Amino acid sequence: MLWDWQFAFSILPQILAALKITISATFAGFLLALILGMLFMFLSRSRVQPVSVVVKWLVQFIRNTPLLVQLYFVFYVFPELGVSLSPFTAGVIGLGIHYSTYLSEVFRSGIDAVPKGQWEACRALNFTRSQTWWKIIIPQGIPPVIPVIGNYLISMFKDTPLLSAITLVEILQTAKIIGSGTFRYLESFTIVGVLFFLLSYPASKLVKYMENRWNPRY
C-alpha cells in the first residue's frame, strides 16, 4: 500500500478534531492527579496512624495494578454502584487517580529532601503547621521535582489511547475508525504517530531544560 497524500490531507481535520479530546483528557486528568497526589502525600504523613497506613496501602495498590483495569472498573463497574459516567469523565477520573499515586511519591520525595533544620527552625519561630508547610516546606520541596512531574504529564498524554477501551473516541480510536472504514491504515496511524511526536518531543525538551535549571549537577 502506497502513501496517498490526498487521502492523508482529507482525514487530517478529523484527526485534529479528535486531538482536542486527547489534549483535554490529558490536562483535566493531570490537574486531578496533582490535587489527589498532594492530598495523598499529606494524608500519608498524617499523625493518625490508621489514616496514614490506609493511604499508603491504597497508593501502593493503585500503583501496582494496570491502568487499563482501573479504567474498566471506573467505566463499567461504577454504574453497577449507581454512578454512571460519560467516557470522557471516566477517562479523566481513571487517569487522574492512577497518576496521582505516582505524583504523591514525587511530592513525598521532594518534601523529604528539605533539610530537617528547616522544620526545627519553624518550630523555634513558633510557626503554625500551616505556615510551616505553605511558606517554608512546599516552596523548597516542590520546585526541584517539577521536571519529574512534567515527565508524568508526557506519560499520561501517551497513555490516552487506552481511553479507547472505554469507548472514548480520542485520536487513536479515530485513526482506527478511519482505517476500518477505508481499509487504509497507513496514513491515519502515521499521522497519529507524528502528532504524538510533535507534542511529546518539545515537551520532553522543556522538561530537560527545567531539570538542568533546578538540578544543575545533572
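Here the structure is shown first, and the text comes after it.
Residues numbered from 1 in each chain as written. Predicted model: local features only at pLDDT ≥ 70, side-chain atom pairs only at ≥ 80, totals over all residues. Heavy atoms only, no water.

### Re the nonpolar core
1) Next: Core analysis: the largest hydrophobic core is formed by 28 residues, its most contacted members being Phe107, Ile111, Trp133, Ile149 and Leu163.
2) Next: Per element, the largest residue contribution to this core is 7 residues, and it comes from helix H4 (residues 87–112).
3) Next: Setting aside anything within four residues of it in sequence, one finds Phe107 in contact with Leu34, Gly37, Met38, Met41, Ile142 and Ile149.
4) Next: Counting 14 residues, the second largest nonpolar core, distinct from the first, contains Phe7, Ala8, Ile11 and Val192. (Core = buried A, V, L, I, M, F, W, Y, C linked by side-chain atoms within 4.5 Å. Buried < 20%, exposed > 50% of the residue type's maximum accessible area, 1.4 Å probe, protein only. Helix = DSSP H or I, 4+ residues; strand = E, 2+ residues; numbered from the N terminus. Contact = heavy atoms within 4.5 Å.)

### Observations concerning the side chain of Thr26
1) Next: Within the secondary structure, Thr26 sits in helix H1 (residues 5–44).
2) Next: Beyond its immediate stretch of four places on either side in the chain, Thr26 contacts Leu153, Met156, Phe157 and Thr160.

### With respect to the packing of aromatic side chains
1) Next: What the rule picks out here adds up to 15 aromatic pairs.
2) Next: Centre to centre, the rings of Phe42 and Trp133 are 4.9 Å apart; their planes meet at 75 degrees, and the pair counts as edge-to-face. Of this pair, Phe42 sits in helix H1 while Trp133 sits in helix H6 (residues 129–141), and the two are 91 residues apart along the sequence.
3) Next: Its relative accessible area of 24% is what places Phe42 among the partly exposed residues.
4) Next: Owing to a relative accessible area of 5%, Trp133 belongs among the buried residues under this scheme.
5) Next: Here Phe157 and Phe196 contribute two aromatic rings whose centre-to-centre distance is 4.8 Å and whose plane-to-plane angle is 50 degrees, an arrangement assigned as tilted. Of this pair, Phe157 sits in helix H7 (residues 146–159) while Phe196 sits in helix H9 (residues 186–214), placing them 39 residues apart in sequence.
6) Next: Residue Phe196 is classed as buried on the basis of its relative accessible area of 13%. (Phe/Tyr/Trp six-rings, centres within 6.5 Å; stacked < 30°, edge-to-face > 60°.)

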